[in-house]
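Chain by chain, the residues run as shown.
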Amino acid sequence: MEYISTRGGCPEQNFEQVLLTGLAPDGGLFVPKDLPKFTVGHLQKWQSLSYTELALEIIEPFVDGAIPSNELKKILDESYADFAHPDIAPLTEIGEREYLLELFHGPTLAFKDFALQVLGRLLDYVLERRKQRVVIMGATSGDTGSAALEGCRHSDHVDIFILHPHQRVSEVQRRQMTTVPGDNVFNLAIEGNFDDCQRLVKAAFADQSFLPEGRQLVAVNSINWARIMMQIVYYVWASLRLGALESKVSFSVPTGNFGDIYAGYLAKHMGLPIDRLVVATNKNDILHRFIAHNEYAVSELSPTFSPSMDILVSSNFERYLFELFNRDARQLGEFMNRFGSETLSVSDEQYRRIRAEFDSASVDDETTCQVIAEVFAATGQLLDPHTAVGVKAARECLADSANPKVVLATAHPAKFSAAITAAGLDSPALPAHLSDLMEREERVTVLPDDLSAVTAYMQEQL
Ligand SMILES: *Cc1c(COP(=O)(O)O)cnc(C)c1O
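The following paragraphs examine the structure supplied in this document. Each chain has its residues counted from 1, following the order in which its sequence is written. Local features in this predicted model are restricted to residues of pLDDT 70 or higher, and side-chain atom pairs are both shown and tallied only at a pLDDT of 80 or more, whereas totals for entire chains, interfaces and linings draw on every residue. With hydrogens and water stripped out, all remaining heavy atoms of the structure feed into the side-chain values.

## Quick word on the packing of aromatic side chains
Here is the rule we go by: Two rings from Phe, Tyr or Trp (for Trp, the six-membered ring) form a pair when their centres are within 6.5 Å of each other. A pair whose planes differ by under 30 degrees is stacked, one over 60 is edge-to-face, and the rest are tilted. Secondary structure elements follow DSSP: runs of H or I of four or more residues count as helices, runs of E of two or more count as strands, with numbering from the N terminus. Burial status follows relative accessibility: with a 1.4 Å probe on protein chains alone, a residue under 20% of its type maximum counts as buried, one over 50% as exposed, and anything between as partly exposed. A ring is scored as having a charge over it whenever the NZ atom of a lysine or the CZ atom of an arginine sits within 6 Å of its centre and within 35 degrees of its normal.
Scanning the model with the defined rule gives 29 aromatic pairs in all. The interplanar angle of 75° and the centroid separation of 5.3 Å between the aromatic rings of Y51 and Y80 together place this pair among those described as edge-to-face. Taken together, the positions of Y51 in helix α3 (residues 51–63) and Y80 in helix α4 (residues 69–81) put the pair 29 residues apart, joining distant regions of the chain. Of the two residues, Y51 and Y80, both sit in the buried class. A centroid spacing of 5.7 Å and a plane angle of 85° characterise the contact between F290 and F317, whose relative ring orientation is edge-to-face. With a gap of 27 residues between them, F290 in helix α11 (residues 286–293) and F317 in helix α12 (residues 317–324) connect regions that are remote in the sequence. An identical accessibility class is assigned to F290 and F317; each is buried. Here the basic side chain of R241 rests over the ring of W237, its NZ or CZ set 3.8 Å away from the ring centre.

In C-alpha cells, the structure reads:
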C-alpha cells in the first residue's frame, strides 16, 4: 500500500514512512493511494470476530507487511487490554433504534485511546527495529494530549511534547496530562487557543532545524494516518452488531478536526453499508455552515461546554476535499490557499455530492445541557457534552430514517462535569484508576503563543 499527499508534491510513501511523519513535506496530508475494499462475504465472516481480531482484519491491508501479522496482533491485544469493558466498544440503546457506541472505556476516558494506544506501540515497535529516537509533538484541545501521553510514555524511543491552550481545557483534562510521570514527558500550556497550538505545531514541523542532529518530529494528531486507520474499526464493529447485513446504519459523530467522521466516510467507501453520516458540531460550526449552506469560512472561536470540539479549522477536512476535487491536488491547493481570507464555496455538482454524503447540525450549550438532562431522565444514562451534541444532531437530522442510528459517545461524562452540573445533575465520579487524580502532582510549563519560545524550550529539554 502506497500513500500520497493531498498536495501532490511528494513521492509515494509506505506505511512506516507515513507513521513516522505527520504532515507531508509539501504541506499536505497522506491518504492511501487505493482504498482497500471489503465485500458482504467479508462482513459475514467478520460477524463472529472479537474487537481485536476485527481490527487486525481491517488494518492489515493498510499496514501492508510493514509489521508481521503476529506482531500486529500482539500490539492490538496489548492496546485494548486495559479497556474497562469486555466489548471494548459496547452499544447501549437510548431510544427507538437509537444507540450510543461507548468509546470511553479506555485509560483516558475518550475515544482517542482507540487510536493512540495502538499508535504508541506501533511507533515503539518500528523505532526499536530502526534503533531510532524521535520527538513526538502534538497540539491538543484536551483529549489527544492525555491519550498520546498514555499511549507513548512507556516507549524508550520518544520524547513527547504536548501543547494545550492555557486555561482552556477542563481541570480533569489538564490533570490527566500534567500528572503523567516520566522525564521524557513535557506539557506546554500555550497562552492562546487550540488553533494557536495547532499552528505552532505545524510551524515546528515545517522547519525542524531546532532539533538535535538525527532527530525528527512525529505527529500524534489525527493528521497521522495511523490514527484514522484505527478509527475505521469501530464503525464496522458497531454496524455488524446492529445487523449491517440486513439494513444500513447511520452514524452521528461529534466533530472537531474531522478525524473521527472521516474514518466513517472511509468505512463507507470500503464497503460498509452506511446510510447517513451526521457531522455534529457545537457553536464552532464551520463544517455545519459549509454542509448546510455551501459557505466555507473561518469565524470567531466560542468556548463551549464541549471543548474538544472548540476548533475553527478542521485539519482532516482536507482529506475529504481531496476526494471532492477528484484528487486534483492543484485545484485543492488553490482552494486551500484562498481559504482564510475569503468565503469559499464549491460547484453545484460538488455541493450535491457533499449533501449526498453528510448531514450536519450545530448545537448550543443550552441545548446540550437540555439533552443531557432529558436522556438522563428517560434512560438513566449520563451523556458527556460532546456525546449530547451528537445525540441532538442525530435527532434533528435522522428523524425520518427507520435505519438504526448510532451516536459515537466520544468521552466519559466525568471528564466534563461542568456541563453535567449545569444540566442540574450530580457530578459523576471518576473511575477507580483515576480516583486520586486531584491529589497527584502536576508538571506544566506556561509559554507565550510564540514559535521561538516553544522551540527554545524544546531544545533545552532534548
Ligand atoms: C477529539 C474529540 C472529538 C472530535 O473528534 P475529531 O476527530 O477531532 O473530529 C469529539 N469528542 C471528544 C470527546 C474528543 O476528545
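## Here's the deal with the sheet that holds strand β5 (residues 134–139)
Selection criterion: Here, strands pair whenever DSSP counts at least two bridges between them. Inter-axis angles, ranging from 0 to 180 degrees, are taken between N-to-C directions of lines fitted to C-alpha atoms, where helices are fitted over the stretch in contact. Here a residue-residue contact requires only that any non-hydrogen atoms of the pair lie within 4.5 Å.
Pairing is parallel in the open sheet, where five strands are placed in the order β8-β5-β6-β7-β13. Only two strands of the sheet have a single partner each, and these edge strands are β8 (217–219) and β13 (445–448). Strand-to-strand twist across the sheet, computed as the mean angle between neighbouring axes with direction ignored, equals 30°. The pairing of strand β7 (residues 185–191) with β13 spans four bridges and is classified as parallel. Note on β13: the bridge partner recorded for E191 is P448. Each of β5, β6 (158–165), β7 and β8 touches helix α8 (residues 194–206); the most contacted strand, β5, lies at about 150° to it.

## A short note on the site of the ligand
As a reminder of what qualifies: Note on definitions. A residue lies near a molecule or strand when any single heavy atom of the residue is within 4 Å of it. Within 3.5 Å is the distance limit for a polar contact, defined as a pair of N or O atoms, with the added protein rule that one can donate a hydrogen and the other accept it, and that residues adjacent in sequence qualify only through two side-chain atoms. To measure how exposed things are, a 1.4 Å probe is used in the Shrake-Rupley method; for residues, cover is taken only from the protein chains shown. Definitions used throughout: a 1 Å grid over protein atoms alone; a cavity as a set of points that fits a 1.4 Å probe which cannot get out; a pocket as an open set with protein on both sides within 12 Å along at least five of seven lines; a lining residue as one with an atom within 4 Å of a point. Placement in a cavity or pocket follows one criterion, namely that more than half of the molecule's atoms lie within 2 Å of its grid points.
Among the 15 residues in the neighbourhood of the ligand, the closest are listed as K112, D143, G256, N257 and D260. A distance of 2.6 Å separates an oxygen atom of the ligand from a polar side-chain atom of K112. Here T410 contributes a side-chain N or O atom positioned 2.9 Å from a nitrogen atom of the ligand. Contact with the protein chains covers 97% of the free accessible surface of the ligand, which is 390 Å². Judged by its atoms lying within 2 Å of the grid points, the ligand is housed in the largest cavity.

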